[in-house]
Amino acid sequence: MQATKPTHVRYLILLMLFLVTTINYADRATIAIAGSSLQKDLGIDAVTLGYIFSAFGWAYVAGQIPGGWLLDRFGSKKIYALSIFTWSLFTVLQGYVGEFGMSTAVVALFMLRFLVGLAEAPSFPGNARIVAAWFPTAERGTASAIFNSAQYFATVLFAPLMGWIVYRFGWQHVFIVMGVIGIVFSLIWLKVIYSPRQHPMINEAEFNHIAANGAMVDMDQDKGKEKKADGPKWDYIRQLLTNRMMLGVYLGQYCINGITYFFLTWFPVYLVQERGMTILKAGFIASLPAICGFIGGVLGGVISDYLLRKGHSLTFARKTPIIAGLLVSSSIVACNYVDIEWMVVGFMALAFFGKGVGALGWAVVSDTSPKQIAGLSGGLFNTFGNLASITTPIVIGYIISATGSFKWALVFVGCNALVAVFSYLVIVGPIKRVVLKEPTAKDADISSLSEAKS
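Residues numbered from 1 in each chain as written. Predicted model: local features only at pLDDT ≥ 70, side-chain atom pairs only at ≥ 80, totals over all residues. Heavy atoms only, no water.

Turning our eyes to something else, we now look at the overall build of the protein. Scanning the protein from terminus to terminus reveals 19 helices and 0 strands. Here the C-alpha radius of gyration of the protein, 22 Å, is about what a compact globule of 454 residues would show, namely 22 Å. In terms of principal-axis extent, the alpha carbons of the protein reach across some 60 × 50 × 45 Å. Taken as a whole, the protein presents about 17,700 Å² of accessible surface, with 67% of it coming from carbon and sulfur. For the protein, the centre of its 34 positive side-chain charges and the centre of its 24 negative side-chain charges are spaced 3 Å apart. (Helix = DSSP H or I, 4+ residues; strand = E, 2+ residues; numbered from the N terminus. Rg over C-alpha atoms; globule rule 2.2 N^0.38 Å. Areas by Shrake-Rupley, 256 points an atom, 1.4 Å probe, with all protein chains shown as cover. Lys, Arg positive; Asp, Glu negative; His and termini not counted. Charge placed at Lys NZ, Arg CZ, Asp CG, Glu CD.)

In structure tokens form, the structure reads like this:
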């Protein structure tokens, strides 16, 4: 490394996180864009479609803690690359379920969505670890907001494309095209991603700058060669689960993701079935709220870091955009009281903008996670948050089946926003990094035994 003007390699790393998260969410959304046509071709009802939508979530949640452990044990680069390749392969295979009979196709589709969820499990804990390793504290809110805002950009970029593919070629081709894109990107990832100390493009000035200002630059050094005693311990999970601040953050993320998964699953179906749009038009219309969500997502991080630089506490800087944004997001309920198409889209866009501003949970995780278990902490956070990926599609499916419309479904989504506001106002309290207590004597004995065996 040469001591010259600081390089800006961390922004290249952030671009890679943004791109991989865009692909990640596009692959999640394939089932939503294809959902209406797929439902018609396979002859399935709303409840069955809700369960298919939820298949991703069951595995995604179950894989969070193991995925976080793998990241802490072997480092972000290799585990994340394997994750990208695997989920993309399972996405491609979904394009061939129509070759089976109806019942077999439904089971195969459920299982493949399940496997996509399992393969994607390390992705967001990996994002949080990489941001913590590469970015100073005062830049972390913006960096986290940018990669998190890719979920909206995915809809902006790919929803019209996927809608056109379904309209022109059929729903099967959406899965094949998106899966191939992911497989190619997994190879690019291996060429670009390194830890700060090992990256061939970084110079000493940038390394010293990020290291001196809060970046955990040595997080991934010598992964796989460490003593097993230095790895994550189950007692650390217990400490996080008994921390009131973290429990409040987990509840808030669950509710925020409830809003996210309405947009990722039922929103295009809502436009087609409740508002009478064609799938081609729905693909384009779905991109409009997503543009607002993207703008809100970046703006939330910028505002938070600006408040931090102006001398406000970390608690005030993070909570202010979260609470304000989620209050705005509850406006989604207003769609029940308007019939004019542009007003429906406007309220959806406003709700998604507010959700974007308030989606700073990953910045909070980077601020609060102990160094020893940054990946595991992110995995635990994502476990609670993505329980919504299971419950939201199923609950909305039952609501639609019972009422014949989306009106109470939108009320359910709006209530999620208000509960998240309550969580951050009342439960979370001051935001600060969790300090882990020393392992118990039992943990120490287990670690010593493992080390002796190795």
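With that settled, consider the packing of aromatic side chains. Per the counting criterion, the structure on display carries 21 aromatic pairs. Between Arg73 and the ring centre of Phe74, over which it is positioned, the NZ or CZ distance is 5.4 Å. One residue, Arg168, lies across the ring of Phe169, its end atom 5.1 Å from the ring centre. (Phe/Tyr/Trp six-rings, centres within 6.5 Å; stacked < 30°, edge-to-face > 60°. Lys NZ or Arg CZ within 6 Å of the ring centre and 35° of its normal.)

Attention shifts here to the packing of helix α3 (residues 64–74) against helix α6 (residues 123–134). Where α3 contacts α6, the two axes come as close as 9 Å, and the packing angle between them is 35°. Crossing of α3 against α6: the hand is right-handed. On the side of α3, the interface is formed by Gln64, Leu71 and Asp72, while α6 contributes Pro125, Gly126 and Arg129. (Axes fitted to C-alpha atoms, helices over the stretch in contact; angles between N-to-C directions. Left-handed = near helix turned anticlockwise from the far one by under 90°. Contact = heavy atoms within 4.5 Å.)

Should the charged atoms of two oppositely charged side chains come close, the side chains can pair. This structure, assessed with the given rule, holds 6 salt bridges. Between Asp72 and Arg129 there is a salt bridge; the shortest N-O distance is 3.0 Å. In this pair, Asp72 sits in helix α3 while Arg129 sits in helix α6, placing the two residues 57 residues apart along the sequence. Judged by its relative accessible area of 1%, Arg129 falls in the buried class. Taking the shortest distance from any N to any O, the salt bridge between Asp367 and Arg318 comes out at 2.6 Å. Of this pair, Asp367 sits in helix α15 (residues 361–368) while Arg318 sits in helix α13 (residues 314–329), and the two are 49 residues apart along the sequence. (Salt bridge = Lys/Arg side-chain N within 4 Å of Asp/Glu carboxyl O. Buried < 20%, exposed > 50% of the residue type's maximum accessible area, 1.4 Å probe, protein only.)

One can find Ala138 in helix α7 (residues 137–169). Counting along the chain gives 130 residues from Ala138 to His8, while the straight-line C-alpha distance between them is 16 Å. Beyond its immediate sequence surroundings of up to four residues, Ala138 is in contact with Asp305, Leu308 and Arg309.

Attention now goes to the side chain of Gln239. Its place among the elements puts Gln239 in helix α10 (residues 234–241). By relative accessible area, Gln239 is classed as buried at 10%. Among residues more than four places away in sequence, those in contact with Gln239 are Val435, Leu436 and Lys437.

With that settled, consider the domain arrangement of the protein. For the protein, the assigned domains are domain 1 (7–214) and domain 2 (232–436). Look at where the C-alpha atoms of domain 1 and domain 2 centre, and you get two points 18 Å apart. Each partner contributes to the interface: domain 1 provides 53 residues, whereas domain 2 provides 60 residues. Of the roughly 4,600 Å² buried between domain 1 and domain 2, counting both surfaces, carbon and sulfur atoms make up 72%. Looking at the side of domain 1 facing domain 2, the largest losses of area belong to Val61, Ile65 and Tyr152, adding up to 14% of the total buried there. Counting across the interface, domain 1 meets domain 2 through 0 salt bridges. When contributions to the side of domain 1 that touches domain 2 are tallied by element, the ones reaching two or more residues are α1 (9–42), α2 (46–62), α3, α6 and α7. Among the elements that take part in the side of domain 1 that touches domain 2, α7 stands out by supplying 23 residues, more than any other. For the side of domain 1 that touches domain 2, the residue count by class is 32 nonpolar, 16 polar and 5 charged. (Domains from an automatic or database assignment. Buried area = accessible area lost by both parts, 1.4 Å probe. Nonpolar A, V, L, I, M, F, W, Y, C, P; charged D, E, K, R; others polar.)

On the surface, Phe85, Leu89, Leu93 and Tyr96 cluster together to form a nonpolar patch covering roughly 350 Å² of accessible area. Topologically, Phe85 is positioned in helix α4 (residues 76–94). (Patch = residues over 30% accessible without salt bridge, like charges linked within 9 Å, V, L, I, M, F, W, Y side chains within 5 Å.)

Let us look at helix α18 (residues 407–427). For α18, with 21 residues, the first-to-last C-alpha span of 30 Å sits near the 30 Å given by 1.5 Å per residue. Buried residues of α18: Ala409, Leu410, Val413, Gly414, Asn416, Ala417, Ala420, Val421, Ser423 and Tyr424, and no others. Angularly, the buried residues of α18 cover 165° about the axis, an arc narrow enough to put them on a single face. Seen from the open side of α18, the exposed residues pointing more than 90 degrees away from its buried face are Trp408 and Leu425. In this fold, the buried residues of α18 make contact with α11 (244–274), α13, α14 (341–358), α15 and α17 (388–403). The first or second residue beyond α18 is Gly429, which carries a positive phi of 70°. (Expected span 1.5 Å × (residues − 1). Arc of directions from axis to C-beta.)

Of all hydrophobic cores here, the largest spans 127 residues; its most connected members are Trp134, Trp189, Phe262, Trp266, Tyr270 and Met348. Examining the composition of this core, we find that 17 residues originate from one element, α11, more than from any other. Both domains that furnish three or more residues to this core are identified here as domain 1 (7–214) and domain 2 (232–436). Apart from residues lying up to four places away in sequence, Phe262 is in contact with Phe267, Ile332, Met348, Thr392, Ile396, Phe406, Leu410 and Val413. (Core = buried A, V, L, I, M, F, W, Y, C linked by side-chain atoms within 4.5 Å.)

Helix length check: α13 (16 residues) gives 23 Å between terminal C-alpha atoms against 22 Å at 1.5 Å per residue, within 8%. Turning to α13, its buried residues number three or more, namely Thr315, Ala317, Arg318, Lys319, Pro321, Ile322, Ile323, Gly325, Leu326 and Ser329.

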